[in-house]
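# Coordinate analysis (summary)
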Amino acid sequence: MPRLRLPKATLALPAWVWLLAFFAAPVALIIWYSFGYKPGIFGTHANDILSLDRYAEALSPTFFTTFANTLWVGVAGTVLCLIIGMPVAYWMAVKVPVARRGLLIAAIMIPFWTNFLVRTIGWQIILSPQGWLSQGLQGLGLIDGPLEILYSRTAVLIGVVYNYLPLMILPLFVAFDRVGEPLREASKDLGAGRLQTFLRVTIPLARPGIIAGLLLVYIPLMGDYITATVLGGAKGNMAGQMVAAQFQTAQNWALGSAMAVVLILTILLSAAILGLVIWLASLPFRSHYRLRLGADA
Amino acid sequence: MSDTETRRIALERTAQDPSSPAVPAKARRSVSDRLFMIWGIAVLLFLFAPILVILVYSFNTGRLLIAFDGFGLDPFLTILNKPAIQNAVSVSIRSGVLSALFATAIGTLAGVAMARRPGKWVGWFLAVLVLVTVTPEIVDAVSLLPWVVFLGQDLGLTIFNDGIFRLIVGNSLFSIAVVSYIVRARLVGISESLEEASADLYAPPLRTFWRITLPLAMPAVLAGGLLSFTLSLDNTIISSFVSVSGTTPWPVYVLSAVRSGLRPEIASVSTLMLILTLLALVLVAWVLKRSGDSATQIARTMAGS
């Protein structure tokens, strides 16, 4: 009996169709809208005359400031996550006994799985001028008046570092864990100091995890909307809020679409630059011999 | 000494820090070890701070969430008299369960296909999944809104005017990607020999899928399903764009309360929802652990990498 040979991707067909219909098609639609314009007060978009004018508008000084601000928060937030997260991941993977690691991973992940909006509201309570932190710092004499952080860029920065830190710690932990004790011991036996071992053995071997962590934090952070809405106020404006405002309040879908496209391009371009910088920075530490860790490294 | 006891001692020995026998090294390391520990615990406190605040403030008897007045169960009782809140939570749970079932079904099929029918197409499919994962949610949100309005009103496909269905569409994108990753990762690590044996014994492909492939993938399927449930419960941005009045999910209710004024019962409901999410996650970890994954593998699975 001849077996019926279905094409290889048949089982994936429903997912293909669904993602094309509700991811690719709508994104293509807003790319199309971004070449149009807003006709009059009541229309949201029109495409009978095509132009790049909406892109010029999206990059005009009024809105460009917001893109620049978003980029600043994105880069600063990602760097802070790396600085704060790396020692934690190293501690979990190297210093903590194996038996206790599962508990620590769970502890890192619980906040990550709590409602994003609700934990951001938690920070709104903590940072409020009448809050315990403000009163405590005043009581200790560290600040003169009430804490004036809420609704500023600093508050947004604290919020995004908090919200995306677990996304940095987890891949770093997996990467450090994979390097393993024997290689570090070998490096020490061959006369390398602890810092040298870290820079020349641990970091180069953990590089895929470091890159994964940087991307996992940077990409969602750049598109952030909730943290900026809850903690930002007017000064902490991020590109995500600006896009949303064009669709929800200004009803200018053409401009909002152009802003969304600019946001995606900014993320892709800056992630590429980040990758180039990491590659250049790692050149001095390149070893002559490549070591592959496991099949999936 | 009995055999089991020997094994127990061997296990204990491997569980200890392998470097511990070197006594001078231990003394030399203790300062930096302690610094690492202090830093780690400080970061854990930082991660838990706002959650503890929400837990405490969910017992706030005052009128506004942000001003703590007294300690009591009042906000929890207020929930009983607020049909809008009950409706929002119910919408969230219903759309979350349906999204999870749907995303798990088609994500599992895609994951199985990627692991068992590899080819050039897998590269393209993974590229689409990566695009779905890296596109900021706000972009998905603003692009889905005109799309569902177009399908529902201009093309007259009335199902797209249904609130729950719109939420399922919005929740599904990220969930499908996560389930596909997890199922693929599990099956890639398992040899195809059982499926080949089943085919050699004349089982038709569908039976092999039901009796062999699916049971092998089951821990990943369950983990993926529960993860998509929690992701859907959490989905705020896309939901706030596509939801229609009357079927407002819980996070969108909270987001509108951020603008109009937060009251303590928001924290109380969040506390209850936190407990629900934790139960789901404990279930995921338990399922993964029973199937023999280590803590590291569980972390990797849950981080979706």
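These figures come from a predicted structure and were not determined experimentally. Note on numbering: residues in each chain are counted from 1, in written sequence order. Here chains are named by letter from A upward and ligands by number from 1 upward, in the order in which they appear as written. In keeping with the predicted nature of the model, local features appear solely for residues at pLDDT of at least 70, side-chain atom pairs appear and are counted solely at 80 or more, and the whole-chain, interface and lining totals rest on all residues. Where side-chain values are given, they derive from all heavy atoms of the structure, hydrogens and water being excluded.

### Some words on the nonpolar core
Most often, soluble globular proteins have nonpolar side chains that are buried together. The term nonpolar core refers to a set of buried residues drawn from Ala, Val, Leu, Ile, Met, Phe, Trp, Tyr and Cys, joined through side-chain atoms within 4.5 Å. Think of it in three bands: residues with accessible area under 20% of the maximum for their type are buried, residues over 50% are exposed, and the middle band is partly exposed, with areas taken using a 1.4 Å probe on protein chains only. Phe22(A), Met92(A), Ile121(A), Trp121(B) and Trp250(B) are the most contacted members of the largest nonpolar core, which totals 151 residues. Elements are defined by DSSP. Helices are runs of H or I of four residues or more, strands are runs of E of two residues or more, and each kind is numbered from the N terminus. For this core, the leading source of residues is helix α7 (residues 153–179) of chain A, giving 18 residues. Looking at this core, you find at least three residues from each of domain 1 (20–55) and domain 2 (82–302) of chain B. Should any heavy atoms of two residues lie within 4.5 Å, those residues are counted as being in contact. Beyond its immediate stretch of four places on either side in the chain, Phe22(A) contacts Leu144(B), Trp147(B), Leu151(B), Phe160(B), Val169(B) and Leu173(B). Listed in part, the 16 residues of the second largest apolar core include Val112(B), Val183(B), Leu187(B) and Val221(B). Where each domain starts and ends comes from a domain assignment, either automatic or drawn from a database.

### Some points on the packing of aromatic side chains
Aromatic contacts are taken between Phe, Tyr and Trp rings whose centres are within 6.5 Å, Trp giving its six-membered ring; a plane angle under 30 degrees counts as stacked, one over 60 as edge-to-face, and the others as tilted. Scanning the entire structure with this criterion turns up 26 aromatic pairs over all chains. Measuring from centroid to centroid gives 5.4 Å for Tyr90(A) and Phe36(B), while their planes differ by 35°, and the two rings are tilted. Linking Tyr90(A) in helix α3 (residues 61–95) with Phe36(B) in helix α2 (residues 23–57), this pair reaches from one chain into another. Comment: the charge-over-ring label is applied if NZ (Lys) or CZ (Arg) is within 6 Å of the ring centre and within 35 degrees of the ring normal. Above the face of the Trp72(A) ring, Arg153(A) is positioned so that its terminal group lies 3.7 Å from the ring centre.

### Regarding the interface of chain B and chain A
Taken together, the 88 residues of chain B in the interface contact 82 residues of chain A. Interface area, chain B with chain A, both sides summed: about 7700 Å², of which 80% is carbon and sulfur. We count a salt bridge whenever a side-chain nitrogen from Lys or Arg sits within 4 Å of a carboxyl oxygen from Asp or Glu. Across the chain B-chain A interface, the total number found is one salt bridge. The residue Asp33(B) makes a salt bridge to Lys95(A) at a minimum N-O spacing of 2.9 Å. Throughout this description, a polar contact denotes any pair of N or O atoms lying within 3.5 Å of each other; where both atoms belong to protein, one of them has to be capable of donating a hydrogen while the other can accept it, and for residues adjacent in sequence the pair is counted only when both atoms sit in side chains. Counting across the interface, chain B meets chain A through eight residue pairs in polar contact (both at pLDDT 80 or more). Put simply, buried area is how much 1.4 Å-probe accessible surface two parts lose in total, over both of them, once they are put together.

### As for the UniProt feature "transmembrane region" (unreviewed entry) in chain A
UniProt positions are given in the numbering used here, feature names are shortened, and annotations may be inferred rather than shown by experiment. UniProt records the feature "transmembrane region" (unreviewed entry) at residues 12–35, 71–91, 103–126, 155–176, 197–219 and 258–283 of chain A, using the numbering of this structure. Helix makes up 100% of residues 155–176 of chain A and strand makes up 0%, while its end C-alpha atoms are separated by 31 Å.

### Digging into unusual backbone geometry
Glycine aside, negative phi is the norm for most residues, and most peptide bonds take the trans geometry. Residues and elements named next belong to chain A. The phi dihedral of Tyr151 is positive, around 65°, even though this residue is not glycine. Relative to the helices and strands, Tyr151 resides in the loop between α6 (132–139) and α7. In the Ramachandran plot, Gln251 falls in the positive-phi region, its phi being about 55° despite a non-glycine side chain. Tracing the backbone shows Gln251 in the loop between α12 (239–248) and α13 (253–282).

### Structural notes on the packing of helix α1 (residues 13–33) of chain A against helix α6 (residues 137–154) of chain B
Angles shown run from 0 to 180 degrees and are taken between the N-to-C directions of axes, each axis being a line fitted to C-alpha atoms and, for helices, limited to the stretch in contact. Across the interface, α1(A) lies against α6(B) with an axial gap of 8 Å and an inter-helix angle of 95°. Accordingly, the angle class assigned to the pair α1(A) and α6(B) is roughly perpendicular. Facing α1(A), whose interface residues are Ala21(A), Phe22(A), Phe23(A), Ala25(A), Pro26(A), Val27(A), Leu29(A), Ile30(A) and Tyr33(A), α6(B) presents Val139(B), Asp140(B), Val142(B), Ser143(B), Leu144(B), Pro146(B), Trp147(B) and Leu151(B). Its residues placed into classes, the contact of α1(A) with α6(B) shows 15 nonpolar, one polar and one charged. The scheme is simple: roughly parallel for angles under 35 degrees, roughly antiparallel for over 145, roughly perpendicular for 65 to 115, oblique for anything else. Throughout this entry, Asp, Glu, Lys and Arg are counted as charged residues, while Ala, Val, Leu, Ile, Met, Phe, Trp, Tyr, Cys and Pro are counted as nonpolar. The remaining residues, Gly among them, count as polar.

### Comments concerning the pattern of salt bridges
Residue and element names in this part refer to chain B. Taken as a whole and assessed by the stated rule, the structure comprises six salt bridges over all chains. A salt bridge links Glu265 to Arg263; the nearest nitrogen and oxygen atoms lie 3.1 Å apart. Since its relative accessible area comes to 4%, Glu265 is described here as buried. Among the residues examined, Arg263 registers a relative accessible area of 27% and is labelled partly exposed. Overlapping salt bridges bring together Lys82, Arg263 and Glu265 as one network.

### Overview of the packing of α12(A) against α13(A)
Residue and element names in this part refer to chain A. For the pair α12 and α13, the least separation of the axes is 7 Å and the interaxial angle reads 160°. Regarding the angle of α12 to α13, the classification is roughly antiparallel. Where α12 crosses over α13, the handedness of that crossing is left-handed. For the pair α12 and α13, the contacting residues are Ala239, Met242, Val243, Gln246 and Phe247 in the first and Trp253, Leu255, Gly256, Ser257, Met259, Ala260 and Leu263 in the second. A breakdown of the residues in the contact of α12 with α13 according to their chemical character gives nine nonpolar, three polar and no charged. Crossing chirality is assigned from the near helix's rotation relative to the far helix, an anticlockwise turn below a right angle marking it left-handed and a clockwise turn marking it right-handed.

### Considering a nonpolar patch on the surface
All names here are of chain B. Exposure above 30% relative accessible area and no salt bridge define the residues that can form patches, which grow by joining like charges within 9 Å and nonpolar side chains of Val, Leu, Ile, Met, Phe, Trp and Tyr within 5 Å. Computed with the Shrake-Rupley method and a 1.4 Å probe, the accessible areas treat only the protein chains shown as cover for residues. A cluster of nonpolar side chains, contributed by Ile93, Val97, Leu98, Leu101 and Leu276, occupies part of the molecular surface with about 390 Å² of accessible area. In terms of residue count, helix α4 (residues 83–116) provides more of the nonpolar patch than any other element does, four residues in total. Topologically, Leu276 is positioned in helix α12 (residues 264–290).

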